[in-house]
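# Residue-level structural notes
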Amino acid sequence: MTSKEKIAALREEMQNNNVDAFIVYSADPHMSEYLPEEWQERAWLSGFLGSAGFVVVTKDKAGLWTDGRYFTQAAIELEGSGIDLFKEGMEGTPNYIDWIISEIPAEGRVAVNALATSHANWELLTERLNAKNISLIDFPLLDNVWKDRGTPSKNPIFVHPIERAGKSVAEKIAAIRQKMESMEATVHVISSLDDVAWTLNLRGSDVQSNPVFLGYIVITKNDAKLFTDLEKLEVEARKQLDEAWVKMMPYEEFYNCIKEFKNEKVLVSPNSNQSIFEALKSENHMIKAPVPGNLMKAQKNETELEGFRKVMVRDGVAMVKFLYWLTHNAGKEPMTEYSIGEKLRGFRAEGENFVGESFGSIVGYKDNGAIMHYSAKSEGSKEVTNDASILVDSGGQYLEGTTDITRTFALGTVSDEFKRNSTLVLQGMIRLSMVKFPKGTRGVQLDAIARLPLWMEGKDFNHGTGHGVGSFMNVHEGPQNIRKDMNPQELLPGMVCSNEPGYYVEGQYGIRHENLIAVRESETTDSGTFYDFETLTFCPFFKDTIVKDILSGEEIAWLNNYHKTCEEKIGPYLEGDVKEWFTQLVSPL
């Protein structure tokens, strides 16, 4: 079926059930960013494959709302679907609820799948729609349209040992219970997959590139329960749960369990799905607050940070070997954006404890580099030769940690304009790497530092400067970030973030430079405690696209010191022509 045919089938279901508008969020029952195949409803319906965005379908119109990372990609993938693109954050783009209200009749009915709708979204929709006498209902209409959605995986659930986690399951649950007590909660529900995996020191592979598994946790004062597919638990995983006094329950029993709670004070994130709230709300007091373990997870302990440092050397070696291969073979042998991504995976796979990619590699050649989250297909991806520029954004999952790195460089002749813009982006990345900031600083307050070189020339980019990164966990992790949007979460020691400013010229090229950085305590002065960043990533930048005159002496010194560190960390693992080339690459600017 084409997207048009799928939407026509959905509209038939809407008409049969007296529904005026149906919203398809990009979500699963755990509100994941990256979804198991059987929950990729929005992608299935629309053909748009980005990780963010949702579709609204009315009786005669359809629209997809997404953010600046995907404007170019969405326009391409929605072509011929009958779905209009609405660019979130751009002047003139209507709020989707306002759009729904304007498109459906008074006393109309809007439907969603409560399992794939957050409570926060449900409450906002209810308030806005009810004010216009429009009702919101839970009606998973796609269940009758998407007939072959598949079933959950049977991939094993395995132990993430304390030697890599740094804290035991018992210690983590005790810390969570302490937080529950301070909030006067008697029951705590954890539904986000990375929080479930982190709490229990377990990992899986139910979601591509994310080492998580489908599961819920319920913690009370006296017991803890994991709801998951019990057949998938490895022997050591069962033993670890037994030792931490965590009961193992079938995944399907979760809702039956929480329906039994009466007169409890239940701590649950407002980002949990609405079905959880429906099961709990009638006879319990709901404490709507972020999952305590989410912030604990974000502040990496020293064991986890040491894991990052180890895998960054391993990943840097793979990257250097890859960069040597690509720059020396482009134009000499057939290759495409897709085959280049596969080749990079092969270099990483040579490293110890490599599990897989942390996300699908973004290899954008020439104008495809301007598609911020471009994904090359196995069939029909662009041929790559020794001409123009290429952007490679990739990462690995290793047993000790997660990597995410972007390098943009020339494979042939590039314009002076490209070199200047590439230097401005690099300058912003360097400035953020060098910054020192007082305790209590939020990411939004640092975002402008990375953008300033571009802003001074009337340029900008439509994505965040930094996101949190997990420890052998999801490559996108909260609650912290570095972006324009207001986020009240302050940056704290141990938090690992990306540092990735960019610049994109649609139809010509894209530029992004990215390292991972960790917040650490720097010094205490009369003005208070100050933090700075430890740069974790080790991989050189290409000097042939750097306009040296743009950089200050301090910025040049930072880059030279960074390259010296790369040489010390990576050099011992290289040999022959690769090492000779690498030595030139890390020589002083």
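### Description of the overall build of the protein chain
Summing up its helical and strand segments, the protein chain has 18 helices and 28 strands in all. The C-alpha atoms of the protein chain give a radius of gyration of 24 Å, which matches the 25 Å a tight globule of 589 residues would have. Taken over the C-alpha atoms alone, the protein chain extends approximately 70 × 55 × 50 Å along its principal axes. When the accessible surface of the protein chain is split by element, carbon and sulfur atoms take 47% of a total near 24300 Å². Side chains of the protein chain carry 62 positive and 86 negative charges; the gap between the two charge centres is 2 Å.

### Observations concerning helix H8 (residues 193-200)
Within H8, eight of the eight residues are buried, which leaves it mostly tucked inside the rest of the structure. Of all the residues in H8, the buried ones are Leu193, Asp194, Asp195, Val196, Ala197, Trp198, Thr199 and Leu200. Where H8 ends, the next residue or the one after it, Asn201, has phi of about 50 degrees, a positive value.

### Topic: the pattern of salt bridges
Per the counting criterion, the structure on display carries 38 salt bridges. Across the salt bridge formed by Glu41 and Arg149, the nearest N and O atoms sit 2.8 Å from each other. Placement of Glu41 in helix H2 (residues 41-46) and of Arg149 in the loop between strand S6 (135-138) and strand S7 (158-159) is noted, with a sequence separation of 108 residues between them. Note on accessibility: Glu41 and Arg149 belong to one class, buried.

### Description of the nonpolar core
Grouped together as the largest cluster of nonpolar side chains are 52 residues, with contacts concentrated most on Phe322, Leu326, Ile340 and Ile390. Looking at this core element by element, the count peaks at 13 residues for helix H13 (residues 302-329). Counting 31 residues, the second largest nonpolar core, distinct from the first, contains Ile176, Trp198, Val212 and Met473.

### Considering the side chain of Asn113
Along the chain, the position of Asn113 falls in the loop between strand S5 (109-112) and helix H5 (119-130). The buried category is assigned to Asn113, whose relative accessible area is 8%. Within polar-contact distance, the side chain of Asn113 engages the backbone nitrogen of Leu115 at 3.1 Å.

### Looking at the pairing of S6
With four bridges connecting them, S5 and S6 associate as parallel partners. When the bridges of S6 are listed, Val112 appears paired with Asp138.

### Details of a negative patch on the surface
On the surface, a cluster of negative charge is contributed by Glu234, Glu236, Asp242 and Glu243. The residue Glu234 is located in the loop between strand S11 (224-228) and helix H9 (235-243) in this model. Note on Glu234: relative accessible area 35%, which makes it partly exposed.

### Here we look at helix H16 (residues 443-455)
Taking 1.5 Å of rise per residue, 13 residues should cover 18 Å, and H16 covers 18 Å from first to last C-alpha, within 8% of that figure. Of all the bends in H16, the greatest reaches close to 30 degrees and is centred on Ile449; the proline Pro453 follows between one and four positions later. Buried within H16 are the following residues: Gly443, Val444, Leu446, Asp447, Ala450, Arg451, Pro453 and Leu454. In this structure, the buried side of H16 is in contact with helix H15 (416-434), strand S21 (436-438), strand S23 (477-482), strand S25 (502-505) and strand S28 (528-535).

Cut-offs and rules
- Residues numbered from 1 in each chain as written.
- Predicted model: local features only at pLDDT ≥ 70, side-chain atom pairs only at ≥ 80, totals over all residues.
- Heavy atoms only, no water.
- Helix = DSSP H or I, 4+ residues; strand = E, 2+ residues; numbered from the N terminus.
- Rg over C-alpha atoms; globule rule 2.2 N^0.38 Å.
- Areas by Shrake-Rupley, 256 points an atom, 1.4 Å probe, with all protein chains shown as cover.
- Lys, Arg positive; Asp, Glu negative; His and termini not counted.
- Charge placed at Lys NZ, Arg CZ, Asp CG, Glu CD.
- Buried < 20%, exposed > 50% of the residue type's maximum accessible area, 1.4 Å probe, protein only.
- Salt bridge = Lys/Arg side-chain N within 4 Å of Asp/Glu carboxyl O.
- Core = buried A, V, L, I, M, F, W, Y, C linked by side-chain atoms within 4.5 Å.
- Polar contact = N/O pair within 3.5 Å; in protein donor to acceptor, adjacent residues only side chain to side chain.
- Pairing = 2+ DSSP bridges.
- Patch = residues over 30% accessible without salt bridge, like charges linked within 9 Å, V, L, I, M, F, W, Y side chains within 5 Å.
- Expected span 1.5 Å × (residues − 1).
- Bend = angle between axes of the 7 residues up to and from the residue.
- Contact = heavy atoms within 4.5 Å.

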